[in-house]
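Remarks on the overall topology
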Amino acid sequence: MTALLRVENVTKHYGTRIGCAEVSFELYPGEVMGIVGESGSGKTTLLNCLAGQLPCDAGRVMFDTKTSGLRDVLAMSAPERRMLARTDWAFVQQHPRDGLRMNVSAGGNVGERLMAVGARHYGEIRQAATDWLARVEIEAGRIDDRPTTFSGGMQQRLQIARNLVTGPRLVFMDEPTGGLDVSVQARLLDLLRGLVREMGLSAIVVTHDLAVVRLLADRLMVMKDGHVVESGLTDQVLDDPQHGYTQLLVSSVLQV
């Protein structure tokens, strides 16, 4: 099987400080990779580099495009990257306000992404938006309401609908349950897990919450000071951590 994403020695510095250093891995179709570490470990820097939202100092991010096979995303033109971000890729922000247009209706938020890839039939766009609101457990009657009237959990579910409506193959998630109440987190995680499996999505999930990666991720990378210190199957890494830092992460959760 061909890797959907091949990351080769991705490196980013902020002056003399390391953001991430020589990170390499492969992600296959339908696979979810979790990236964990404490604040400042480099996990969000890495995610933004992979998604083309932050320029790298070195390395390649090879994506298996539908039209021309493996291509280095970092070497693409800006218009090419924008089109990739609208079609085959999606990015779920930690704070839904960063991933939604708050002054546009719920249906408009979902429909905008369809229009960005060429959809023009109003009735079809509205029907697709209605269908996706139902898939993320938002009542059809809220389609014309603005996200400002939604709870945090509903805003996050709306952001997911906006991102997935075009059927991307790769989704980047930055702390997707961050800032939500525990009960809301559980509901959102169940929803995400169902959508990932149902759509056969590949995903890269950044989080500090080991329970999130336990539920969502097939494989796991642990980062510290910009470096990957341990990686492997999620259950294997969490149940039998080898690196001292990973052991500290796991034990700190067990002590809570």
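Residues numbered from 1 in each chain as written. Predicted model: local features only at pLDDT ≥ 70, side-chain atom pairs only at ≥ 80, totals over all residues. Heavy atoms only, no water.

1. Focus on the side chain of Thr-45
Filter applied, for reference: Labels follow the DSSP assignment, with helices taken as runs of H or I lasting at least four residues and strands as runs of E lasting at least two, numbered in each case from the N terminus. Any two residues whose heavy atoms approach within 4.5 Å are treated as being in contact.
Residue placement: Thr-45 occurs in helix H1 (residues 43-50). Those residues in contact with Thr-45, other than ones at most four positions away along the chain, are Lys-12, Tyr-14, Gly-19, Cys-20 and Leu-54.

2. Focus on helix H7 (residues 182-199)
Quick note on the threshold: Helix span, expected: 1.5 Å multiplied by one less than the number of residues in the helix. In this scheme, a residue with accessible area under 20% of its type's maximum is buried, one over 50% is exposed, and one in between is partly exposed, where area comes from a 1.4 Å probe on protein chains only. Think of the arc as the fan of directions from the helix axis to the C-beta atoms.
Over its 18 residues, H7 extends 26 Å from the first C-alpha to the last, a length consistent with the 26 Å expected when each residue adds 1.5 Å. Within H7, burial applies to Gln-185, Leu-188, Leu-189, Leu-191, Leu-192, Leu-195 and Val-196. Taken around the axis of H7, the buried residues stretch over an arc of 165°, which confines them to a single face. Every exposed residue of H7 that faces more than 90 degrees away from the buried side is listed here: Ser-183 and Glu-198. Looking one or two residues beyond H7, the residue adopting positive phi is Gly-200, at roughly 65°.

3. Considerations on the packing of aromatic side chains
What counts, and what does not: Stacked, tilted and edge-to-face are the three classes assigned to paired rings of Phe, Tyr and Trp, where Trp is represented by its six-membered ring and a pair needs centres within 6.5 Å; plane angles under 30 degrees give stacked, over 60 edge-to-face, the rest tilted. Lysine NZ or arginine CZ positioned within 6 Å of the ring centre and within 35 degrees of the ring normal marks a charge as sitting over the ring.
Inspection of the entire model under this criterion finds 3 aromatic pairs. On the numbers, 5.5 Å between centres and 90° between planes, the contact of Phe-63 with Trp-89 is edge-to-face. You can see Phe-63 sitting in strand E4 (residues 58-65) and its partner Trp-89 sitting in strand E6 (residues 89-92), a full 26 residues away along the chain. Considered together, Phe-63 and Trp-89 belong to a single accessibility category, that of buried residues. Through a chain of ring-to-ring contacts, the aromatic side chains of Phe-63, Trp-89, Phe-91 and Phe-172 assemble into a single cluster. We note Arg-135 situated over the ring of Trp-132; from NZ or CZ to the ring centre the distance is 4.1 Å. Lys-224 extends its terminal NZ or CZ atom over the ring of Tyr-245, reaching a point 5.7 Å from the ring centre.

4. A short note on the sheet that holds strand E1 (residues 5-14)
Heads up, the rule is: Pairs of strands are assigned from DSSP output, requiring at least two bridges between the strands. Convention adopted: a line fitted to C-alpha atoms gives each axis, helices being fitted over their contacting stretch, and angles between N-to-C directions are expressed from 0 to 180 degrees.
Ordered by their spatial adjacency, 4 strands build an open sheet running E2-E1-E4-E5, and the pairing between neighbours is antiparallel. Only two strands of the sheet have a single neighbouring strand rather than two, namely strand E2 (17-27) and strand E5 (69-72). Between one strand axis and the next, the sheet turns through 20° on average, direction left out of account. Where E1 lies against E4, 5 bridges are found, and the strand directions are antiparallel. Following the sheet pairing, Val-7 is matched in E4 by Val-61. Of the strands in this sheet, E1, E2 and E4 touch H1, which is tilted by about 120° from E1.

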